Structure formats: structure tokens, C-alpha cells
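What follows is the residue order along each chain.
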Amino acid sequence: MEDLSLHILDLVENATMAGATRVEIAVTLDNRRNLLKIRIEDNGRGMDKLMLAQVRDPFTTTRTTRRVGLGISLMDQAAREAGGELEIFSEPGTGTVITATFEADHIDRKPLGDMGATVVSIISGNPDVDIVYTADMDGSRTEVDTREIRETLGGGIPLNHPEVL
């Protein structure tokens, strides 16, 4: 994957396939601390201790359509290559929290990519899932919350309607 936004897209796809009805994505850039942090939290099925211990292995997956699960392992690799790390907390029946940190100015850090297009793709592919995206880029904050968008629309228009997107 060329940029981090595609990793985020993949991890959110995993969350929705695990039954998540709410996914929160937070991207924080703090240049003073030389830190880029990406946090994805969902309320999906979660993982038991055995799966959590194996989830960084690309040949571990719960999918039946393919024998590899690259999302977490590739994000883990991207974080480590850029002087960071990947932490995963998960509990069956509660959900999962994935936090990836990167040295912001590391020569091997992938670019963030087009988060606007990524968020639109996530929403269009999951119109019934509550998606909350926040970005704090050195103090400049952006937030998109599909619950607020649905409320503004009055519930009669789906979020993946072309005029809404």
C-alpha cells in the first residue's frame, strides 16, 4: 500500500466485516513531538487472546474467502519502518482499538494520503455504520460524524446517495 490512508481503509473494512456498527478514526499530527498517530476503534466482535497473539502474522485470518490477513500486519510493518509501533487492544464482544504511531519526519514514513477520499469511500461502502473521523493536524481540527449528517438529512436520504457524497 502506497499511503497510510489505504491502510486505514483496510482496517475499517476489517472492523465492519467483524460486525462493527460504530468505527472511530482519529489521526493526530504533532510536529513539535515529531509524532503521527492513527487510532481506529470499533465495537465489532473483538478478538480473543489467542487471535490477538497471532493477528500480526499475515497468514492468520478469520476470513474464509482468502487465507491471508494483511491489514494489521502491513500497518504494523509501516509503523515499525517509520520508528513507531502498533498497539492492539481487543476484547470479545466489545471491539478492538488499534493505535499506530510513526515518527512524523521519518524518511521511511509513508505519506498519509487522501483522507478525504478515504473517508468518503468508507461512508459510501458502509452507509449504515456510524463513522466518526477526527483529524488534528498540528492544532487544526476536522471532524466528520455520520450521526450528525444523518440527523441533518432527516433520515430519508441514504449517506451513499451521490448527492450526499
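A brief structural summary. Computed from a predicted model, the values in this text were never measured in an experiment. (Residues numbered from 1 in each chain as written. Predicted model: local features only at pLDDT ≥ 70, side-chain atom pairs only at ≥ 80, totals over all residues. Heavy atoms only, no water.)

**Some details on the environment of M17**
With respect to the helices and strands, M17 occurs in helix 1 (residues 4-17). Judged by its relative accessible area of 45%, M17 falls in the partly exposed class. For the pair formed by M17 and G44, sequence separation is 27 residues and the distance between their alpha carbons is 8.3 Å. (Helix = DSSP H or I, 4+ residues; strand = E, 2+ residues; numbered from the N terminus. Buried < 20%, exposed > 50% of the residue type's maximum accessible area, 1.4 Å probe, protein only.)

**What about the side chain of D30?**
Here D30 is to be found in strand 1 (residues 22-30). Looking at D30, the relative accessible area reads 15%, which means it is buried. Those residues in contact with D30, other than ones at most four positions away along the chain, are L35 and D138. (Contact = heavy atoms within 4.5 Å.)

**Thoughts on the sheet that holds strand 3 (residues 85-91)**
Spatially, the 6 strands line up as an open sheet ordered 3-4-2-1-5-6, and their pairing is mixed. At either end of the open sheet lies a strand with only one pairing partner, and these are strand 3 and strand 6 (140-145). Across the sheet, the axes of successive neighbouring strands diverge by a mean angle of 5°, strand direction being ignored. Bridge analysis of strand 5 (residues 130-137) against strand 6 gives 6 bridges, and the strand direction is antiparallel. Its bridge partner being in strand 6, Y133 is matched across the sheet by V144. Each of strand 1, strand 2 (35-42) and strand 4 (95-103) touches helix 1; the most contacted strand, strand 2, lies at about 15° to it. Strands in contact with helix 4 (residues 115-125) are strand 1, strand 5 and strand 6; relative to strand 5, the strand with the most contacts, it is inclined by about 170°. (Pairing = 2+ DSSP bridges. Axes fitted to C-alpha atoms, helices over the stretch in contact; angles between N-to-C directions.)

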